[in-house]
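Letter by letter, the chains look like this.
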Amino acid sequence: MKVPAELKLAGLVVFSIAVLMAGPWQLAALAIALILATLLLRADGAKLYRVFAPALPVIVAISAFQWLFSGPATAALTLARIALLYIAGSVVTATTSDTEFVNAVERLLSPVSALTRSNIGRDIATMMALAIAFLPIIKEEHDAIRLAQEARGVRYAGLWGLMRGEATVVVPLIYGLSARADHIAEAMEARCYGYKK
């Protein structure tokens, strides 16, 4: 079933607020609603699992801290809330193309643009499109720098080795991304982006 991107985004906002305000029984009902929405939107279960699996250790670690400081009941609620929010966001992004997503944001922000007599909706949508486009580039650049650092003798074995190794990647990564952002800004300026007659 084809659902407009605006409706998906609005549903995600409402669902997120409901998850944050819900108690244990309401979370169970919201989990059932999320399963139904996933089936309705025909989201690929294998793809959702691949997206969720890397985040699971982080979610469990956050819940473990909650267990230490607030007890098991709060930790279980935290685990359920974060998992539901993460999966709901993944369902929306997995069933919405980048173009649909950006166009929906621009349309949703059109009243703000009209009210402020500016192109704020278009500008925010453009920023989101650039951010989405940059994600694979960041990964590629990170991997290339990491390989170069390994060739120079940096080791990533163990937790401390990984932390020290990643510290050697951060500075060149930020420098490379800043240079790339400058080139994009110059290209947009050369094409008169934001120019008003």
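Our structure is the block above this text.
Quick caveat: nothing in here was measured; it's all calculated off a predicted structure.

Draft legend 1. Expanded view of the overall build of the chain. A count of helical and extended segments in the chain gives 9 helices and 0 strands. Secondary structure elements of the chain occur, N-terminal to C-terminal, as α-α-α-α-α-α-α-α-α. Taking 16 Å as the expected radius of gyration for a compact globule of 197 residues, we find that the chain reaches 21 Å, considerably beyond that expectation. Viewed in the frame of its principal axes, the chain has a C-alpha envelope of about 55 × 55 × 30 Å. Per-residue burial for the chain yields a buried fraction of 26% across its 197 residues. Residue pairs in contact within the chain that sit at least 24 positions apart in sequence constitute 64% of those at least 6 positions apart.

Draft legend 2. Seen up close, the environment of Ala73. Relative to the helices and strands, Ala73 is located in helix α5 (residues 72–94). We classify Ala73 as exposed; its relative accessible area is 58%. In the structure, Ala73 is positioned 45 residues away from Ala28 in sequence and 15 Å away in space, judged by C-alpha atoms.

Draft legend 3. Looking closely at helix α6 (residues 98–108). Those residues of α6 that fall on the buried side of the exposure criterion are Phe101, Val102, Ala104 and Val105. Axial view of α6: buried residues confined to an arc of 160°, hence all on one face. Looking at the buried residues of α6, the elements they touch are α1 (5–21) and α8 (120–151).

Draft legend 4. Representation of unusual backbone geometry within the structure. Unlike most non-glycine residues, Arg42 shows phi in positive territory, near 55°. Judged by its relative accessible area of 66%, Arg42 is exposed. In this structure, Arg117 takes a positive phi of about 55° despite not being glycine.

Draft legend 5. Quick look at the layout of surface pockets. One number sums up the size of the largest pocket: a volume of about 300 Å³. Around the largest pocket, the lining is made up of 15 residues, and of these Lys8, Gly11, Leu12, Ala37 and Leu41 lie nearest the centre. Those elements that provide at least two residues to the lining of the largest pocket are α1, α2 (24–40) and α5. For the lining of the largest pocket, the class distribution of residues is 13 nonpolar, 1 polar and 1 charged. In this structure, the second largest pocket spans a volume of roughly 240 Å³. In terms of lining residues, the second largest pocket is bounded by Lys47, Val51, Ser90, Thr93, Ala94, Thr96, Asp98, Phe101 and Ile132.

Draft legend 6. Summary view of the packing of α2 against α5. The geometry of α2 relative to α5 is characterised by a closest axis approach of 11 Å and an angle of 20° between their N-to-C directions. Our classification of the angle between α2 and α5 gives roughly parallel. Crossing handedness for the pair α2 and α5: left-handed. Of the residues in α5, those in contact with Pro24, Leu27, Ala31, Leu34 and Thr38 of α2 are Leu77, Ala80, Arg81, Leu84, Ile87, Ala88 and Val91. Looking at the contact of α2 with α5 residue by residue, the class counts come to 10 nonpolar, 1 polar and 1 charged.

Draft legend 7. Focus on the side chain of Thr78. One can find Thr78 in helix α5. Residues in contact with Thr78, not counting those within four places in the same chain, are Ile62, Ser63 and Gln66.

Draft legend 8. Structural context of the pattern of salt bridges. Summed over the entire model, instances satisfying the criterion amount to 6 salt bridges. Residue Glu166 is joined to Arg146 by a salt bridge in which the shortest nitrogen-to-oxygen separation is 3.2 Å. Here the residue Glu166 occupies a position in helix α9 (residues 158–190), and Arg146 occupies one in helix α8, the gap between them amounting to 20 residues. Residue Glu166 is classed as partly exposed on the basis of its relative accessible area of 22%. What makes Arg146 partly exposed here is its relative accessible area of 24%.

Analysis parameters
- Residues numbered from 1 in each chain as written.
- Predicted model: local features only at pLDDT ≥ 70, side-chain atom pairs only at ≥ 80, totals over all residues.
- Heavy atoms only, no water.
- Helix = DSSP H or I, 4+ residues; strand = E, 2+ residues; numbered from the N terminus.
- Rg over C-alpha atoms; globule rule 2.2 N^0.38 Å.
- Buried < 20%, exposed > 50% of the residue type's maximum accessible area, 1.4 Å probe, protein only.
- Contact = heavy atoms within 4.5 Å.
- Arc of directions from axis to C-beta.
- 1 Å grid on protein atoms, 1.4 Å probe; cavity = no way out; pocket = protein on both sides within 12 Å on 5 of 7 lines; lining within 4 Å.
- Points joined across faces, edges and corners; volume = space filled by probe spheres on them.
- Nonpolar A, V, L, I, M, F, W, Y, C, P; charged D, E, K, R; others polar.
- Axes fitted to C-alpha atoms, helices over the stretch in contact; angles between N-to-C directions.
- Parallel < 35°, antiparallel > 145°, perpendicular 65-115°, else oblique.
- Left-handed = near helix turned anticlockwise from the far one by under 90°.
- Salt bridge = Lys/Arg side-chain N within 4 Å of Asp/Glu carboxyl O.

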